[in-house]
Amino acid sequence: MNIPVLIVASFSLLAVIAHIFGGTKEMASIAPDQENIKLTYNWKQSMCAFQMLAIDLIAVTMALFTILFTELIPFEYELTLFLSLLYLLWGIVWLLQLLWLKSNAKTFLYLPQWVFWFIGSGLLYWGA
């Protein structure tokens, strides 16, 4: 069994659950007053984009568990490297967004998802 891929698949599954249940609850809690049409439109667009990420997380998690438990994918090595790159890019984009938003150091610690993306990238590279 490929332990690095198992670790990433497991925390990806936890990320899916946290994203869908915890993240949706948090996003819903910041719903603007319905009378502010522009802000409501922007919030709904953000909520839809947020949920689209759930599909990405589910697809990646399914791919990881498929790699882990089956021999169905003939290009397993290449797919694992691609997913390593995807995790790396997720981490970089997360950090760049925080920097672009002029976040203080506390925000980087309060929103540490980037750490998981970088660890996942390294583990997948190692597990490939």
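Colleague: Can you walk me through the overall build of the protein in this structure?
Modeller: When its secondary structure is counted, the protein shows five helices and zero strands. Ordering the α and β elements of the protein from the N terminus gives α-α-α-α-α. With respect to the principal axes defined by its C-alpha atoms, the protein has extents near 55 × 30 × 20 Å. Every one of the 128 residues in the protein was classed for burial, and the buried ones make up 30%.

Colleague: How should the nonpolar core be read in this particular structure?
Modeller: Most often, soluble globular proteins have nonpolar side chains that are buried together. By size, the foremost hydrophobic cluster in this structure holds 19 residues, and its most contacted members are Val8, Leu64, Leu83, Tyr87 and Leu124. Those elements that provide at least two residues to this core are α1 (3-29), α2 (37-69), α3 (76-100) and α5 (113-127). Ranked by the residues each element gives to this core, the list is headed by α2, at six residues. With residues up to four places along the chain from it excluded, the contact list for Tyr87 reads Val8, Phe11, Ser12, Val60, Leu64, Phe116, Trp117, Gly120, Ser121 and Leu124.

Colleague: What is the right way to read unusual backbone geometry from this model?
Modeller: The bulk of non-glycine residues show a negative phi, and the bulk of peptide bonds are trans. If you check the backbone angles, Lys102 has positive phi at about 55 degrees while not being a glycine. By secondary structure assignment, the location of Lys102 is in the loop between α3 and α4 (105-110).

Colleague: Even after reading the chapter, I still don't get the packing of α3 against α5, so can you show me in this structure?
Modeller: Packed helices, taken two at a time, are described by the angle their axes make and the gap between the axes. The interhelical angle for the contact between α3 and α5, taken along N-to-C directions, is 160 degrees, at an axis separation of 8 Å. By the angle between their axes, α3 is roughly antiparallel relative to α5. Once α3 is placed against α5, the crossing between them reads as left-handed. Contacts between α3 and α5 involve Thr80, Leu81, Leu83, Ser84, Tyr87, Leu88, Trp90, Gly91, Ile92, Trp94, Leu95 and Leu98 on the former and, on the latter, Gln113, Trp114, Phe116, Trp117, Phe118, Gly120, Ser121, Leu124, Tyr125 and Gly127. Considered class by class, the residues forming the contact of α3 with α5 number 15 nonpolar, seven polar and no charged.

Colleague: I would appreciate a short explanation of α5 in the present structure.
Modeller: Taking 1.5 Å per residue as the helical rise, α5 with its 15 residues ought to reach 21 Å, and the 21 Å between its terminal C-alpha atoms agrees with that figure. Those residues of α5 that sit buried are Trp117, Gly120, Ser121, Leu123, Leu124 and Gly127. Contacts from the buried residues of α5 go to α1, α2 and α3.

Colleague: Please clarify how the packing of α2 against α3 should be interpreted in this entry.
Modeller: Contact geometry of α2 with α3 gives a least axis separation of 11 Å together with a crossing angle of 145 degrees. For α2 against α3, the interelement crossing comes out left-handed. Each of Asp56, Leu57, Val60, Ala63, Leu64 and Ile67 in α2 lies in contact with α3, whose residues at this interface are Glu76, Leu79, Thr80, Leu83, Leu86, Tyr87 and Trp90. Taken together, the residues that form the contact of α2 with α3 break down as 10 nonpolar, one polar and two charged.

Colleague: Quick question: what am I supposed to make of the packing of aromatic side chains here?
Modeller: The geometry of an aromatic ring pair comes down to the distance between the two centres and the angle between the two planes. In the structure shown here, the tally under the stated rule is seven aromatic pairs. A centroid spacing of 6.0 Å and a plane angle of 55 degrees characterise the contact between Phe11 and Phe116, whose relative ring orientation is tilted. Within this pair, whereas Phe11 is found in helix α1, its partner Phe116 is found in helix α5, the two being separated by 105 residues in sequence. A relative accessible area of 44% places Phe116 in the partly exposed class. Aromatic rings pair up to connect Phe11, Tyr87, Trp90, Phe116 and Trp117 into one cluster.

Reading guide: rules and limits
- Residues numbered from 1 in each chain as written.
- Predicted model: local features only at pLDDT ≥ 70, side-chain atom pairs only at ≥ 80, totals over all residues.
- Heavy atoms only, no water.
- Helix = DSSP H or I, 4+ residues; strand = E, 2+ residues; numbered from the N terminus.
- Buried < 20%, exposed > 50% of the residue type's maximum accessible area, 1.4 Å probe, protein only.
- Core = buried A, V, L, I, M, F, W, Y, C linked by side-chain atoms within 4.5 Å.
- Contact = heavy atoms within 4.5 Å.
- Axes fitted to C-alpha atoms, helices over the stretch in contact; angles between N-to-C directions.
- Parallel < 35°, antiparallel > 145°, perpendicular 65-115°, else oblique.
- Left-handed = near helix turned anticlockwise from the far one by under 90°.
- Nonpolar A, V, L, I, M, F, W, Y, C, P; charged D, E, K, R; others polar.
- Expected span 1.5 Å × (residues − 1).
- Phe/Tyr/Trp six-rings, centres within 6.5 Å; stacked < 30°, edge-to-face > 60°.

Geometric descriptors of this kind do not, in isolation, establish any biological role.
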